[in-house]
Amino acid sequence: MRLDKFLSQQLGVSRALVLRELRNKRVTVDGEIVKTGSMKISPEQRVEFDGNVLDQITGPRYFMLNKPQGYVCSTDDPDHPTVLYFLEEPVAYKLHAAGRLDIDTTGLVLMTDDGQWSHRITSPRHHCEKTYLVTLENPLADDTAAQFEAGVQLHNEDSLTKPATLEQIEENLVRLTISEGRYHQVKRMFAAVGNRVVALHRERIGEIVMDEDLEPGQYRPLTEQEIASVGVPSR
């Protein structure tokens, strides 16, 4: 990669500003000051800006994040803080959420810069299962599980939801697994049967389960097994 392109990505500035910083002798490659942006750099070379090492990204990245309330999953939002706040990674703005959560929903978010990988999670064609822990305003009605298994009619939707699995844990606490991702689907499904969601926490996406060791706001890289599991057909 050209040095000026690399610096532009790393520093989040234009190529013109990069050239100015190069002329000001603020950039070194393997300890030598470099003043031209056309230099080609290789992954094993050490690039520093004002003495700070800039890590080179050599491949796609995959992370799981335990999202707290009050943060949005978009990469840029003028009104709310985004989940990128928690990611202490080079060029974090290039990462995106593979399946977003609402601002008040907590739990598992997968962050990546691999668009094809995330598409296998979000595309309706792949029917990727997601499991949520749902706290309800009212006790669960006896027939709700059967209704969800048969599919429910959402407001302003033409088709029924796909069969969903509902497990009751407590009177007002359930675990719901769905295989599609309609707008605010979980909240709208319970609204369709006369109940209301008061808290929502995502536990699983496909075969990837939220790491219980991660506190809200913490994240970790996915394992090779977790990365490879995406795209495996639902059982």
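Just above, that's the structure.
Structural notes, computed from the coordinates. Just so we're clear, the structure is a prediction, and the values are computed from it rather than from any experiment.

**Considerations on the pattern of salt bridges**
In step 1: This structure, assessed with the given rule, holds 18 salt bridges.
In step 2: Asp4 is the partner of Arg2 in a salt bridge, and the nearest nitrogen-oxygen pair spans 2.8 Å.
In step 3: Residue Asp4 is classed as buried on the basis of its relative accessible area, which comes to 5%.
In step 4: Measuring nitrogen to oxygen at the nearest pair gives 3.6 Å for the salt bridge that ties Arg20 to Glu21.
In step 5: Judged by relative accessible area, Arg20 falls into the partly exposed class, the value being 43%.
In step 6: Using a relative accessible area of 12% as the deciding quantity, one classes Glu21 as buried.
In step 7: Among the charged side chains, a salt-bridge network with shared partners connects Arg20, Glu21, Arg26 and Asp50.

**A few points about the environment of Val47**
In step 1: By the element assignment, Val47 lies in strand E3 (residues 47–49).
In step 2: On the basis of relative accessible area, Val47 is assigned to the buried category, the value being 0%.
In step 3: With 40 residues separating them along the chain, Val47 and Leu7 place their C-alpha atoms 9.1 Å apart.

**Comments concerning the pairing of strand E7 (residues 106–112)**
Where a strand is regular, its side chains alternate between the two sheet faces.
In step 1: Of all the seven residues making up E7, seven are buried; the element is thus mostly covered by neighbouring parts of the structure.
In step 2: Across two bridges, the pairing between strand E6 (residues 96–97) and E7 is antiparallel. Opposite His96, over in E7, you have Thr112 as the bridge partner.

**Here's the deal with helix H2 (residues 15–23)**
In step 1: The complete set of buried residues in H2 reads Val18, Glu21 and Leu22. Around the axis of H2, the buried residues are gathered within 105 degrees of arc, so they sit on the same side. The exposed residues of H2 that point more than 90 degrees off its buried face are Ala16 and Arg23.

**Side note on the side chain of Ser229**
In step 1: Relative to the helices and strands, Ser229 is located in helix H6 (residues 224–229).
In step 2: The residues touching Ser229, leaving out its near neighbours within four places in the chain, are Glu207 and Ile208.

**Structural notes on the sheet that holds strand E4 (residues 52–54)**
In step 1: Strand order in the open sheet formed by four strands is E2-E1-E3-E4, with antiparallel pairing between adjacent strands. Two strands lie at the open edges of the sheet, namely strand E2 (32–33) and E4, each paired on one side alone.
In step 2: In the sheet, strand E1 (residues 27–29) pairs with E2 via two bridges, with the strands oriented antiparallel. Along E2, the bridge assignment pairs Thr28 with Ile33.

**Points about unusual backbone geometry**
In step 1: Even without glycine at this site, His127 takes up a positive phi of about 50 degrees.
In step 2: Mapped onto the secondary structure, His127 falls in the loop between helix H3 (115–122) and strand E8 (130–136).
In step 3: Phi angles above zero are rare outside glycine, and Asn156 is one such case at about 65 degrees.
In step 4: Inspection of the secondary structure puts Asn156 in the loop between helix H4 (144–150) and strand E9 (165–170).

**Observations regarding the nonpolar core**
In step 1: The biggest cluster of nonpolar side chains holds 31 residues, and the ones touching the most others in it are Met111, Val134, Phe148, Leu176, Val186, Met189 and Phe190.
In step 2: Secondary structure elements with two or more residues in this core: strand E5 (62–67), E7, E8, strand E10 (173–178), helix H5 (185–192) and strand E11 (197–205).
In step 3: With sequence-adjacent residues up to four places away left out, Val134 is seen in contact with Asn172, Leu173, Val174, Leu176, Val186, Phe190, Val197, Ala199 and Leu200.
In step 4: With 15 residues, the next largest nonpolar core counts Met64, Leu108, Ile205 and Ile208 among its residues.

Rules used in this analysis
- Residues numbered from 1 in each chain as written.
- Predicted model: local features only at pLDDT ≥ 70, side-chain atom pairs only at ≥ 80, totals over all residues.
- Heavy atoms only, no water.
- Salt bridge = Lys/Arg side-chain N within 4 Å of Asp/Glu carboxyl O.
- Buried < 20%, exposed > 50% of the residue type's maximum accessible area, 1.4 Å probe, protein only.
- Helix = DSSP H or I, 4+ residues; strand = E, 2+ residues; numbered from the N terminus.
- Pairing = 2+ DSSP bridges.
- Arc of directions from axis to C-beta.
- Contact = heavy atoms within 4.5 Å.
- Core = buried A, V, L, I, M, F, W, Y, C linked by side-chain atoms within 4.5 Å.

Treat this as a map of the structure, not an account of what it does.
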